[in-house]
Structures are given as structure tokens and as C-alpha cells.
Amino acid sequence: MQFKVNFVTMLDLNASVLVIYTGGTIGMIEDADTGALKAYDIKHIKEYVPELQRLKFNIDSYQFDLPIDSSNMNPEQWKKIVWVIEDNYDKYDGFVILHGTDTMAYSASALSFMLENIDKPVILTGSQLPIGKIRTDGKENLITALEIAVDKDPYGKAFVTEVCIFFQNLLMRGNRTTKVNANNFKAFNSLNFPVLAEAGTNICYRHELIHKPLPNRRPKFHYLLDPNVAIIKLFPGISPQILSSMVATPGLKGIVLETYGAGNAPGEKWFLDIIETAVNSGIVVLNVTQCASGSVNMTRYETGRSLYNIGVISGYDITTEAAVTKLMFLFGHGLERKEVKRFMKVSVAGETTI
Ligand code: ASP
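Caption draft 1: Looking closely at the layout of surface pockets. A volume near 470 Å³ is recorded for the largest pocket. Considering the residues around the largest pocket, the lining is formed by 23 residues, among which Phe113, Glu116, Asn117, Val348 and Ala349 are closest to the centre. Of all the secondary-structure elements, those providing two or more residues to the lining of the largest pocket are helix H3 (104-114), strand S7 (115-116) and helix H8 (320-332). When grouped by side-chain class, the residues that make up the lining of the largest pocket number 11 nonpolar, 7 polar and 5 charged.

The structure is reproduced here in C-alpha cells:
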């Protein structure tokens, strides 16, 4: 992989970052008496990360009323994050969102659609060990995320102009990430798209890969999401009763069908009949692979072609996290099924390679 060393970083002493603290392990310290993990007030973060005082730019913070474990993250919380960013957009050079790791890839994906045409960095980060633990990975993740949030070229333009996750030295496009490890400090990966920067002794950006906003257009902040979508993961032995009751859920508009390999599914008649009935009833069924990397190709095998023939559309190399949030976003905007299908076949925020 080829990285360019960023020699032209401008340190803007007037730069300002807003840290939005939603919760998660990074916001936890150990109670000295009981050893239990508890959330702290983000205003006191410099007590736990004294290194922040040495950063030569301003850091403000915004804390959710009740910091949450990211297992409790949901579309309402995403709207709140977007609202905080919109409300403060002109005041800050960049935004760092502290978030639990468990659903961070979903949030990063959702935000990549909700924050259109941004010309500033929005970096999600977190940690596997609480910030108050001596071996925490949180300090390094936070400090480098903050540095990336203010990194600019000599003309004052931000290097990063999209929603990203920074974790364990890697800056990744948010809607390409997946949590891959529950324990390891290298918790995230971007398996179908190269990383956007790597932090070593320098932060080396791959500028050519970073999404560029359209010039002379303000960012657009979106708040409409429709949660009437489902993820159905196939497994050998899935029963007709379970599958048919899932697809018959009232109000269901879109299904992310996690298939095998290059987009393959059982060729049995009962299975294809259930999926075809769903498609004919107006549900958008998107074929994504259960594999950690690679792309769906529905014409490679007969078992994939059968899905194609009944109207299932290809998700190509999109992650499940990006697929489900993209469906929420498109249906949220009241798009007709035909339009949703059209947008699922193109890249809206760099989430898929067609
Ligand atoms: N359960 C935590 C969360 O996602 C884990 C973490 O932060 O790493 O909020």
C-alpha cells in the first residue's frame, strides 16, 4: 500500500474541534472502590488525558444527557448527532465523536449519508479499554483523531472531508468499516476499501482516496430515516416458517439479505417463492455477502442467478452496516421503490464499488 507523507500540514493555532461524547468504553473510568466502570463528565477529560493540554488548538465538548452504551444507539440518536454538528458547523474546524465500538460502524455509515457534502472532518473514535485504565487505547485514538480533525493544507482546506472512523492508527471511510474484533485494539477494518490514512511517526494521508465535496455548495444535513428495514442472515437449515414470518412483517420496506459467498442462496422452490412474494409485494431485497470482504456477483452461480431472476438486487461490496442504514435513509426520504433500487445500485457516499 502506498502512503504519501503529509509534509504540508498547517498547524492552525486558532483551530477548534468539537468533541461530541455519546458514551461507550472510551468515556468510562474505574471506580476506585468498587472497580466498576462508570461514565465521567467529558468536561473533565483533561484530568484523564493530560496530554490534551499540550495540543495547540481549542477543544470544546458536547455531552449527551445520558452517555449510552452503543448497543442502545438508534436513529433518534443519529439525528441528535447531526443536529449538534449542524448547529455548530461554522464554529469548528472538525468534529470528533466519542462512541462505543459495538455499533460504531452503523453510526459512521448512517452519518455518512446524513451529512452530505461536508468540507470538514467528522471522525468517530472510541476504545476497547476505558480511558482511566493504564493500558488504555483510548488516549492514542482520541489524540490522533483530534489532530486529524484540524489537519489542513496550506490553503486552509481540511484534508479529511468525510465521515471516518479512526482506530488503532488507521483512518477509514466510515461506511466501509466493520467491527472485526471484540478484544483486540485493532477492532475495525475496512476490508473492501483502502484506508484513508495511517498514523505512524507522521500521519500519512492518501489524499486521492478522500471524498471531495462539491465546490460552492453548502453541506446538507439530513434527518429523515425510516427504520422499516430488516437484515436476514441465511444459514443452512433456515426454515420456511421463520423466513416467511420475517418477510411478512407489516410495514417492511427493505431487506438486506446476507447470502453466502458471491451472493448465493438456496435454490429450493419454497425459498425462492418466499423471496419472490416479498419482491412482488414491493419490498426491496438487497443481496449482500456474509463474507468479510469481496463482492456479490449474482451471475456467477446458478444459485445467485435465481435471486437475480426474481428481482433481488445486488449490493456489490457494500457492508451490511452501510446497506441497512442506506435503506433507512432512502426510504426515510419517501423515495418510491423504483428510486430506492436505483440509488442502491450506485454509490451515494463512497459506500460501494460498482
Ligand atoms: N459496549 C461498549 C459500547 O459499544 C463497547 C465499547 O465501547 O467498546 O458502548
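There is more to say, and it comes next.
Caption draft 2: Here's a closer look at the sheet that holds strand S19 (residues 313-314). Strands sit in the order S16-S17-S18-S19 across an open sheet of 4 strands; the sheet is parallel. Looking along the sheet, the strands with just one partner apiece sit at the ends: strand S16 (229-233) and S19. Strand direction decides the pairing type here: strand S17 (residues 254-259) and strand S18 (residues 284-289), joined by 6 bridges, are parallel. Residue pairing for S18: Val256 is matched across the bridge by Leu286.

Caption draft 3: Fine view of the nonpolar core. Within the largest apolar cluster, 53 residues are counted, with the highest numbers of intra-cluster contacts made by Ile85, Leu111 and Leu115. Among the elements that take part in this core, H8 stands out by supplying 8 residues, more than any other. Those residues within four positions of Leu115 in sequence are excluded, and the remaining contacts are Val82, Ile85, Val122, Val163, Lys220 and Phe221. Listed in part, the 38 residues of the second largest apolar core include Val19, Ile45, Leu52 and Cys164.

What counts as what
Residues numbered from 1 in each chain as written. Predicted model: local features only at pLDDT ≥ 70, side-chain atom pairs only at ≥ 80, totals over all residues. Heavy atoms only, no water. 1 Å grid on protein atoms, 1.4 Å probe; cavity = no way out; pocket = protein on both sides within 12 Å on 5 of 7 lines; lining within 4 Å. Points joined across faces, edges and corners; volume = space filled by probe spheres on them. Helix = DSSP H or I, 4+ residues; strand = E, 2+ residues; numbered from the N terminus. Nonpolar A, V, L, I, M, F, W, Y, C, P; charged D, E, K, R; others polar. Pairing = 2+ DSSP bridges. Core = buried A, V, L, I, M, F, W, Y, C linked by side-chain atoms within 4.5 Å. Buried < 20%, exposed > 50% of the residue type's maximum accessible area, 1.4 Å probe, protein only. Contact = heavy atoms within 4.5 Å.

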